[in-house]
Amino acid sequence: MMRLRKIIKDKRGASTPLTVALILGLLLLICAVSEFFRLGIIVVGVRDGLQQAAVTVAATNYDDTYNGLREGYSGGYTLSGADWQEKLDYDDVYARLDKLLGTTASDGYHVKAEGNGYEYRLSGLAVDIANAPLTPGNADKNLEVDARVTIEIPLSFGWDRLPPLTMQICTRSAYAPKF
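What counts, and at which threshold
Residues numbered from 1 in each chain as written. Predicted model: local features only at pLDDT ≥ 70, side-chain atom pairs only at ≥ 80, totals over all residues. Heavy atoms only, no water. Salt bridge = Lys/Arg side-chain N within 4 Å of Asp/Glu carboxyl O. Helix = DSSP H or I, 4+ residues; strand = E, 2+ residues; numbered from the N terminus. Core = buried A, V, L, I, M, F, W, Y, C linked by side-chain atoms within 4.5 Å. Buried < 20%, exposed > 50% of the residue type's maximum accessible area, 1.4 Å probe, protein only. Contact = heavy atoms within 4.5 Å.

Caption draft 1: A look at the pattern of salt bridges. For the coordinates displayed, the defined rule picks out 5 salt bridges. For the salt bridge of Arg 121 with Glu 152, the shortest nitrogen-to-oxygen distance reads 2.9 Å. Placement of Arg 121 in strand S5 (residues 117-130) and of Glu 152 in strand S6 (residues 143-153) is noted, with a sequence separation of 31 residues between them. For Asp 128, the salt bridge goes to Arg 148, with nearest N and O atoms at 3.0 Å. Residue Asp 128 is found in strand S5, and its partner Arg 148 is found in strand S6; the two are separated by 20 residues along the sequence.

What follows is the structure, encoded as structure tokens:
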């Protein structure tokens, strides 16, 4: 500790390399933290868009849930003769995501363009709808929509030497009758 104090108080310039190393270390830390926040903002925005698209799919199935609601269930069913038939509408979630997030389809991905590259790209969208059971005495479970998409974000910190961040974003939405 005394030696460090002596180096810092020395007027001959011996502390210059230490000062430069400290400043470079702080700059590196600031760059890493700002990259972390950039990635977080992008992932949260895509997750919110995916959630909104899943809510839309659940709401789109409303027209087919009315028959079940009359009987006390929230599932997507339609009466066909004397039997209830399951009827679900999966909608076009990629089209909704393209509209919400400003992405475009390109080479099997849905890409958010940025300059000469891309900000992020989406792939592997999967939408699963779990219909509410149409059985007497089981009105606890609602129509649920699970949506998953894989996002790939190239890192701007690392100068193209680091692989892009790739992760799967999952969300769930449910249709619950109000009355």
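Caption draft 2: Up close: the nonpolar core. One finds Tyr 120, Leu 122, Val 145 and Ile 151 to be the most contacted residues of the largest nonpolar core, which totals 25 residues. Those elements giving two or more residues to this core turn out to be helix H2 (16-60), helix H4 (93-101), S5, S6 and strand S7 (165-175). In terms of residue count, the dominant contributor to this core is H2 (9 residues). In this view, Val 145 contacts Ala 54, Val 57, Ala 58, Val 127, Asp 128, Ile 129, Thr 171, Arg 172 and Ser 173; residues no more than four positions away in its chain are not counted.

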